[in-house]
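# Coordinates in review
For reference, the chains in residue letters:
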Amino acid sequence: MTSFRIERDTMGEVKVPEERYWGAQTGRAMENFPIGTGTFPSSLIHALGMIKVAAARANGDLGILQESSVSLIAAAASEVAEGKLDDHFPVPVWQSGSGTQLNMNANEVIANRACELAGRPLGSKDFIHPNDDVNRSQSSNDVIPTAIHLAVSLQIRDRLIPALVSLEDELEARSVEYANDITIGRTHLMDAVPLSLGQEISGWSALLQDARQRLTRELPELHALTLGGTAVGTGLNAPGEFADLAVRYLRELTDLELNLVSNRFAAQGSHDALVAASASLRGVSVALRKIAWDISLLGSGPRCGLGELFLPANEPGSSIMPGKVNPSQSEAMIMVCTQVMGYDTAVAIAGASGTLQINTFKPLIALNLLTSIDLLSDAAASFRERCVKGLRPNRPRLKSYLQASLMLVTALVPVIGYDRAAEIAKRAHEEGLTLREAAIASGEISEEEFDRRVRPETMI
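Residues numbered from 1 in each chain as written. Predicted model: local features only at pLDDT ≥ 70, side-chain atom pairs only at ≥ 80, totals over all residues. Heavy atoms only, no water.

### Let's talk about the overall build of the protein
If you tally the helices and strands in the protein, you get 17 helices and eight strands. When the 460 residues of the protein are sorted by exposure, 50% land in the buried category. Long-range pairs, those at least 24 residues apart, make up 73% of the contacts in the protein between residues at least 6 apart in sequence. Surface accessibility of the protein: about 21,000 Å² in total, with carbon and sulfur atoms responsible for 52%. (Helix = DSSP H or I, 4+ residues; strand = E, 2+ residues; numbered from the N terminus. Buried < 20%, exposed > 50% of the residue type's maximum accessible area, 1.4 Å probe, protein only. Contact = heavy atoms within 4.5 Å. Areas by Shrake-Rupley, 256 points an atom, 1.4 Å probe, with all protein chains shown as cover.)

The following block contains the structure:
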């Protein structure tokens, strides 16, 4: 049987599980927003913990919070930042658009844990108060955007970028390894002139690198924080020096080049930096989706498709067809990328929905961005390890395609012209001849000249 205690807020009493640190406002949120089953990503909770540490220390420096309270709040908030209290954050994602319930969940957990550390009963607001002490000099309207910026910046830096770099490196390794394997290019899914398999893979690596670099260029904008703006950007109830001090402490906690936004009214009424970050995540998805689809296509078969690549066989591909293996890693990546593109659409709509001094889509923006980063990070790591690392060329198939290709006739254009070269290709196709046979039969070029000109290894 669960035992309960009574917590109080300005609206009355709320029963709270005895072993949990949250208080009345968190309990009300759980009652008033029974929507879905999702809670916030832990990375956002941890960012909130860092903000509360920094805010407590800044308030202490300013002399508006007693040093004993600063130490206790900072200790409890550090446990939040370290992920030790994740189980005490049950508020649903689908709540007030400002994220007020999430901020109060953090304030209550930190206040009660601080009371416990001091040997006081949970709910001792006369000792550590969630609003007056933990939330001192703050508002949900500046804390939640700051937390989103921090969490997104840290997750991109610590999770996504390393995963993308590792995948790029693996693609580059395959590019070098297969630099001398010549294949037929395809445009419009039709035969084109040759290139090496290494060149083809180098295009994938460069595509991903460009997308990652565009994402990296967005990070400085995310490092600009609106902390200290409080309710509407004016900084009411926050001392003038608070924001600078708090951001200084956050720099130490995160090792990010953090600063304050140039205009808090813009930053709190809209979230354009987060919209831009989402667009960059979409760009990463566009690159990864193209790469995954190309690999899936080149690996199709193995006998009745293109079959130019052997893909790792990770698991049985069919419940009815024995021996079938599917490009499952490519398919998983394509689904992840499609989902991230959908999340970005929602973030764009949310970003365009700010009203006067607040954008009330903060929980949605936070959820979609952080979920996108998690999905892309996991998918990139899995795709590298279980697909790209094991890619192998089907050299007999590559050779047969080269021998059969009619588009090698392009090498003859400088000698006999476009129109006559087209006639040779058409004749070879219609009469079932090799390109060499058709070219020599045309009388337009000698055997020696054909063999000198039509050499795939010199065409790449």
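Picking up after the structure, the text goes on.
### Here's the deal with the environment of methionine 341
Along the chain, the position of methionine 341 falls in helix H11 (residues 328-351). Owing to a relative accessible area of 24%, methionine 341 belongs among the partly exposed residues under this scheme. Among all residues touching methionine 341, those that are not within four sequence positions of it are Arg282, Ser285, Val286 and Arg289.

### Thoughts on the packing of aromatic side chains
For any pair of aromatic rings, the description rests on two quantities: the centre-to-centre distance and the angle between the ring planes. Applying the stated rule across the entire model yields zero aromatic pairs. Its end group placed over the ring of phenylalanine 4, lysine 15 keeps NZ or CZ at 4.7 Å from the ring centre. A cation over a ring is seen here: arginine 186 above tyrosine 401, with NZ or CZ 5.4 Å from the ring centre. (Phe/Tyr/Trp six-rings, centres within 6.5 Å; stacked < 30°, edge-to-face > 60°. Lys NZ or Arg CZ within 6 Å of the ring centre and 35° of its normal.)

### Remarks on the pairing of strand S2 (residues 12-17)
Alignment of strand S1 (residues 4-9) against S2, held across six bridges, turns out to be antiparallel. Residue pairing across strands places arginine 5 opposite valine 16, the latter belonging to S2. The turn joining S1 and S2, which pair antiparallel and follow one another in sequence, is formed by two residues. (Pairing = 2+ DSSP bridges.)

### Remarks on the packing of helix H2 (residues 42-61) against helix H3 (residues 67-81)
Packing of H2 against H3 leaves a shortest axis separation of 7 Å and a crossing angle of 165 degrees. As far as their axial angle goes, H3 and H2 are roughly antiparallel. In this structure, H2 meets H3 at a crossing whose hand is left-handed. Side by side, H2 and H3 meet where Ile45, His46, Gly49, Met50, Lys52, Val53, Ala56, Arg57 and Gly60 of the first sit next to Val70, Ile73, Ala74, Ala77, Ser78, Val80 and Ala81 of the second. Split into classes, the residues belonging to the contact of H2 with H3 amount to ten nonpolar, four polar and two charged. (Axes fitted to C-alpha atoms, helices over the stretch in contact; angles between N-to-C directions. Parallel < 35°, antiparallel > 145°, perpendicular 65-115°, else oblique. Left-handed = near helix turned anticlockwise from the far one by under 90°. Nonpolar A, V, L, I, M, F, W, Y, C, P; charged D, E, K, R; others polar.)

### As for the environment of asparagine 237
Tracing the backbone shows asparagine 237 in the loop between strand S5 (224-225) and helix H8 (242-254). Here the alpha-carbon distance between asparagine 237 and arginine 136, two residues 101 residues apart in the chain, equals 8.2 Å.

### With respect to the nonpolar core
Among the nonpolar cores identified, the biggest contains 107 residues, and Leu44, Leu102, Leu250, Leu288 and Phe383 are the most heavily contacted of them. In contact with leucine 102, other than residues within four places in its own chain, are Phe40, Leu44, Ile45, Leu48, Phe89, Val91, Gln95 and Ile144. Judged by nonpolar contacts, the second largest core, of 15 residues, contains Leu408, Val409, Ala421 and Val454. (Core = buried A, V, L, I, M, F, W, Y, C linked by side-chain atoms within 4.5 Å.)

### With respect to the confidence of the model for the protein
Considering every residue of the protein, the mean pLDDT works out to 95; 100% of them sit at 70 or more. Least confident of the elements in the protein is S1, whose mean pLDDT is 91; most confident is H2, at 98. (pLDDT = per-residue confidence, 0-100.)

### Quick word on H2
With 20 residues, H2 extends 29 Å between its outermost C-alpha atoms, agreeing within 8% with the 28 Å of an ideal straight helix rising 1.5 Å per residue. Counting buried residues along H2, 17 of its 20 residues qualify, which places the element largely inside the surrounding structure. A positive phi of about 75 degrees marks glycine 63, the residue just after H2. (Expected span 1.5 Å × (residues − 1).)

### Notes on the state of the cysteines
This model, assessed by the stated rule, comprises zero disulfides. Take cysteine 337: it sits in no disulfide, and the sulfur closest to it among the cysteines is that of cysteine 387, at 13 Å. The buried category is assigned to cysteine 337, whose relative accessible area is 0%. (Disulfide = S-S within 2.5 Å.)

### A short note on the packing of helix H6 (residues 140-177) against helix H10 (residues 272-298)
In contact at an axis separation of 13 Å, H6 and H10 are set at 20 degrees when each is read in the N-to-C sense. Taken as axis vectors, H6 and H10 run roughly parallel relative to one another. You can see that H6 and H10 cross each other, and the crossing is left-handed. Of the residues in H10, those in contact with Ile148, His149, Leu160, Leu164, Leu167 and Leu171 of H6 are Ala273, Leu274, Leu281, Val284, Leu288 and Ile291. A breakdown of the residues in the contact of H6 with H10 according to their chemical character gives eleven nonpolar, one polar and no charged.

### So, helix H1 (residues 24-32)
Within H1 the residues assigned to the buried category are Ala24, Thr26, Gly27, Arg28 and Ala29. On the buried face of H1, the contacting elements are S1, S2 and helix H4 (100-117).

### Things to note about the pairing of strand S3 (residues 182-187)
The two faces of a sheet get side chains in turn, since along a regular strand they alternate between them. Direction of pairing for S3 relative to strand S4 (residues 190-196): antiparallel, over a ladder of five bridges. From the neighbouring strand, threonine 183 faces S4, where its bridge partner is leucine 195. Taking the residues between adjacent antiparallel strands as the criterion, S3 and S4 are bridged by two residues, where histidine 188 takes a positive phi near 60 degrees.

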